[in-house]
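Fold and geometry: a report
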Amino acid sequence: MKTFDYVRPTSITAAVAAAAEPGSAYLAAGTNLLDLMKGGISRPDRLVDVTRLPGLDGIEPLPDGGIRIGALVRNADLAHDPEFARAYPAVAEALLSGASAQLRNAATVGGNLLQRTRCGYFYDVASACNKREPGAGCDARNGENRLHAVLGWSESCIATHPSDFCVPLVALDAVVEVEGAGGRRDIPVEALHRLPGTTPEQESALQPGDLIVALRLPAEAAAFSAHSRYLKVRERTSYAFAVVSAAAALRIEGGTIRTARLALGGVAAKPWRARSAEDLLAGARPDEAVFRRAAETALADARPSGDNAFKIELARRILVRALTVAAAGTPERVPALPASPFSFGPGARHDV
Amino acid sequence: MNFAISLTVNGVRHDVELESPRVTLLDLLRERLDLTGTKKGCDRGQCGACTVLVDGRRINSCLALAVSHDGADVLTIEGVARGDQLHPVQAAFIAHDGFQCGFCTPGQIMSAIGLIQEGQAGDDPERIREGMSGNLCRCAAYSGITEAVLEAQKKLAETGRRDAA
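Residues numbered from 1 in each chain as written. Chains lettered and ligands numbered in written order. Predicted model: local features only at pLDDT ≥ 70, side-chain atom pairs only at ≥ 80, totals over all residues.

**Let's talk about the overall build of chain A**
This is how it is decided: Helix numbers and strand numbers start at the N terminus; a helix is a DSSP run of H or I with at least 4 residues, a strand a run of E with at least 2. Atoms counted for the radius of gyration: C-alpha only. Globule rule: 2.2 Å times the number of residues to the power 0.38. Whether a residue is buried, exposed or partly exposed follows from its count of other C-beta atoms within 10 Å of its own C-beta, namely 20 or more, 12 or fewer, or something in between, respectively; the C-beta atoms are built from the backbone. Think of it this way: build a C-beta for each residue from its backbone, and any pair within 7 Å is a contact.
Scanning chain A from terminus to terminus reveals 13 helices and twelve strands. Taken over C-alpha atoms, the radius of gyration comes to 20 Å for chain A, in line with the 20 Å a tight globule of 352 residues would show. Counting only C-alpha atoms, chain A reaches 60 × 50 × 40 Å along its principal axes. Counting only residues that meet the buried cut, chain A has 52% of its 352 residues in that class. Within chain A, contacts between residues at least 6 apart in sequence are counted, and of these 66% link residues at least 24 apart.

As structure tokens, this is what we get:
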């Protein structure tokens, strides 16, 4: 690991000023950043430790019925907060399907939102990667790319965003509060992450020094709590990133879908909201035929970026399955294997 | 630049001068405090061999900067037994053959102690397997590990009930 300076400011204003200096990076838990630094992928000159900043570790209900989550709330604490899990069950399930218990105990809300892609070529400093080194080329393009993007990718970059948490957040119109040199502003999570285009090194809407201080979910997001699921296909049963994942949230009244929210994970450089599919579902009766039509619509623009054409049909099927289990109703408790396609129903095998 | 930090490890306070902020909590435990029970496996947060409890929560000590944990209360494998009396999780790992080579075992045991304290898995083997998925075992002693955690969980629940009564 390259050497670096370490500062631990005591106020948000001081942190923003320190992090605006070139070569600076924020340190929260460090579960992704230290890994990147050990591999030489990230080489900051200065770490600005935000873990002691006051007022960023609370979960508070808002007067308008929404909820505000401090950026330093740990992933495990949010997922196990009983009121949060009751109101936003798909978010809790997504959190619990990510990483390991040790990492969830450490990783923060803000850090999860800003974690970097797990593309193997991004992590291998001997490979060409436009995201790591602009203009270097992309070895993933003709490499081992069966897990790469099928939506929104470019010739410059075919990496995917790895977060589970962000997928239901995008579906539920979550917003981040950002403190920067010009004061505080809101950014919808959907607009936080960028598609690669010709500048894959620009991954988010944040400017140097910008600090995510909180995440908000609007009051409407809780209206889906009776029919909300997250479903995630992995190459192992647990502790693996998504091949494809989906968040599905429905408001069903009198046997008819009033509103639907859908987003896909593991398919693009950002969590992928499927608005056309949501529109198609509104007013429909929940059945497999309409779910399949919604899935076709959601993946209409998908195309393989390599050996990954299978992910397009897999994404359609995961959407149909996620909608099916969401329509069946949110379970009383997050399943033993959160978001797993193998944990539904009695008699689920233990050896898969 | 030097960084002075203070940690409580297994109930003992340590004041440590770090020559560099790069030192991980894992390296501090092993290299500075000679507590080599905590193992360095992958050193990248993937294997769980370095699991310790920090302020009562299990984390990967390889992905924690020591300087950022100034003031923390750390529990390692060296601190779980009471003299010659093994911790119930340690005893259960022996009783159920929850290991073969033993390299991952300190991390497995610390992770199991954390899992039981979190109270989310109860006596459901599927929840225990899921909750222990951040600890790899190359000898694949997984079925023994699950049995050990189940038994230790039961023993600790009984002790808790007795203590409460």
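Moving on from the model shown.
**Some thoughts on the pairing of strand E2 (residues 12–18) of chain B**
Rules: Strands qualify as paired when DSSP identifies two bridges or more between them.
With seven bridges joining them, strand E1 (residues 3–9) of chain B and E2(B) adopt antiparallel strand pairing. Following the sheet pairing, B:Ile5 is matched in E2(B) by B:Val16.

**Thoughts on the packing of helix H12 (residues 288–298) of chain A against helix H13 (residues 310–328) of chain A**
Residue and element names in this part refer to chain A. For the record, the criterion: Axis definition: a line fitted to C-alpha atoms, limited for helices to the stretch in contact. Angles are taken between N-to-C directions and run from 0 to 180 degrees. Throughout, the term roughly parallel applies to angles under 35 degrees, roughly antiparallel to angles over 145, roughly perpendicular to angles from 65 to 115, and oblique to all others. Note on convention: the crossing is left-handed when the near helix lies turned anticlockwise from the far helix by less than a right angle, right-handed when the turn is clockwise. Three residue categories are used. Nonpolar comprises Ala, Val, Leu, Ile, Met, Phe, Trp, Tyr, Cys and Pro, charged comprises Asp, Glu, Lys and Arg, and polar comprises the others, including Gly.
Relative orientation of the contacting elements H12 and H13 amounts to 140°, with a least axis distance of 9 Å. Looking at the two axes, H12 sits oblique to H13. By crossing handedness, the relation of H12 to H13 is classed as right-handed. Where H12 approaches H13, its residues Glu 288, Phe 291, Arg 292, Ala 294, Ala 295, Glu 296 and Ala 298 are matched on the opposing element by Arg 316, Leu 319, Val 320, Leu 323 and Thr 324. Grouping the constituent residues of the contact of H12 with H13 by class yields seven nonpolar, one polar and four charged.

**Some remarks on the domain arrangement of chain B**
Residue and element names in this part refer to chain B. Applied cut-off: Here the limits of each domain have been adopted from an automatic or database domain assignment.
Partitioning chain B into structural domains gives domain 1 (3–79) and domain 2 (88–164). Centre-to-centre separation of domain 1 and domain 2, based on C-alpha positions: 22 Å. Listed per partner, the contact involves 15 residues of domain 1 and 13 residues of domain 2. Every element with two or more residues in the side of domain 1 that touches domain 2 is listed here: strand E3 (51–54) and strand E4 (57–60). In terms of residue count, the dominant contributor to the side of domain 1 that touches domain 2 is E3 (three residues). Partitioned by chemical class, the residues of the side of domain 1 that touches domain 2 number six nonpolar, six polar and three charged.

**Regarding the pairing of strand E6 (residues 175–180) of chain A**
Residue and element names in this part refer to chain A. Sheet analysis places E6 next to strand E7 (residues 183–188), joined by six bridges and oriented antiparallel. Across the sheet, residue Glu 179 finds its bridge partner in E7, namely Arg 184. Between E6 and E7, which pair antiparallel in sequence order, lie two residues. Both E6 and strand E8 (residues 211–217) contribute to a ladder of five bridges, which runs antiparallel. The residue bridging Glu 177 from the neighbouring strand is Ala 214, located in E8.

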